[in-house]
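Close look at the chain arrangement
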Amino acid sequence: MGCGHDGCGACCGGSCGGCGELELTRQEIGLLRRFAQFPFLPVARRWDSETPVYLEEGTEHAEEYSAAITGLEIKRLIRLDYDLPLTNFDYGAYGQYPCQGSMALTARGQAVVELLEIQGVRE
């Protein structure tokens, strides 16, 4: 870190995605808090769709969680992997979604979860 800055890597040729504030929706924060409890969560989708599906909070909120998952993935806070389903997880509720995989925090996502736990959320 020869530049003498804070070490995030952005000014030294890295790409941490920027420093400063990060805006998150309530659903995104809720999912990040779930990731603080469980390192991997199930995710699924249809073959003909890129829309992620998360049904662990019930089907009535599935659309909201799809948007939250997409938002967290765009912000590079989570990674979706449809090639790595969870071991010993019952995907029965996801029967109509043939692409069944997992999602997990990225290193950036883990850092955000830690900041949420330390600093909290400002509305």
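Look up: the structure comes first, before these words.
Residues numbered from 1 in each chain as written. Predicted model: local features only at pLDDT ≥ 70, side-chain atom pairs only at ≥ 80, totals over all residues. Heavy atoms only, no water.

Here we look at the packing of aromatic side chains
The final tally for this structure, using the stated rule, is 4 aromatic pairs. Ring plane angle 75° and centroid distance 4.8 Å describe the contact between Phe-89 and Tyr-91, whose orientation is recorded as edge-to-face. Here a set of aromatic residues connected by ring pairs shows up, and it is made of Phe-89, Tyr-91 and Tyr-94. One Lys or Arg, Arg-45, reaches over the ring of Tyr-82 and ends 4.6 Å from the middle of that ring. (Phe/Tyr/Trp six-rings, centres within 6.5 Å; stacked < 30°, edge-to-face > 60°. Lys NZ or Arg CZ within 6 Å of the ring centre and 35° of its normal.)

Let's talk about the pattern of salt bridges
Applying the stated criterion across every chain, the model contains 4 salt bridges. The partner of Glu-57 in a salt bridge is Arg-34, with the nearest N and O atoms 3.3 Å apart. Residue Glu-57 is found in the loop between strand 1 (40–45) and helix 2 (62–74), and its partner Arg-34 is found in helix 1 (residues 26–37); the two are separated by 23 residues along the sequence. By relative accessible area, which is 30% here, Glu-57 ends up partly exposed. On the accessibility criterion, Arg-34 (25% relative accessible area) is partly exposed. Residues Glu-50 and Arg-45 are paired through a salt bridge, measuring 3.9 Å at the closest nitrogen-oxygen approach. Since its relative accessible area comes to 13%, Arg-45 is described here as buried. (Salt bridge = Lys/Arg side-chain N within 4 Å of Asp/Glu carboxyl O. Helix = DSSP H or I, 4+ residues; strand = E, 2+ residues; numbered from the N terminus. Buried < 20%, exposed > 50% of the residue type's maximum accessible area, 1.4 Å probe, protein only.)

Structural notes on the nonpolar core
Ranked by internal contacts, the top residues of the largest apolar core, which has 28 residues, are Leu-31, Leu-32, Tyr-54, Ile-69, Ile-78, Tyr-94 and Met-103. Of all the secondary structure elements, the ones that give two or more residues to this core are helix 1, strand 1, helix 2, strand 2 (78–81), strand 3 (99–105) and helix 3 (107–119). The element best represented in this core is helix 2, accounting for 5 residues. (Core = buried A, V, L, I, M, F, W, Y, C linked by side-chain atoms within 4.5 Å.)

A word on the packing of helix 1 against helix 2
The axes of two packed helices give the description: the angle between them and the distance between them. Running from N to C, helix 1 and helix 2 cross one another at 75°; their axes reach a closest spacing of 8 Å. In terms of their interaxial angle, helix 1 and helix 2 are classed as roughly perpendicular. Here Gln-27, Glu-28, Leu-31 and Leu-32 of helix 1 come into contact with helix 2, specifically with Glu-64, Tyr-65, Ala-68, Ile-69, Gly-71 and Leu-72. Residues of the contact of helix 1 with helix 2, tallied by class, amount to 6 nonpolar, 2 polar and 2 charged. (Axes fitted to C-alpha atoms, helices over the stretch in contact; angles between N-to-C directions. Parallel < 35°, antiparallel > 145°, perpendicular 65-115°, else oblique. Contact = heavy atoms within 4.5 Å. Nonpolar A, V, L, I, M, F, W, Y, C, P; charged D, E, K, R; others polar.)

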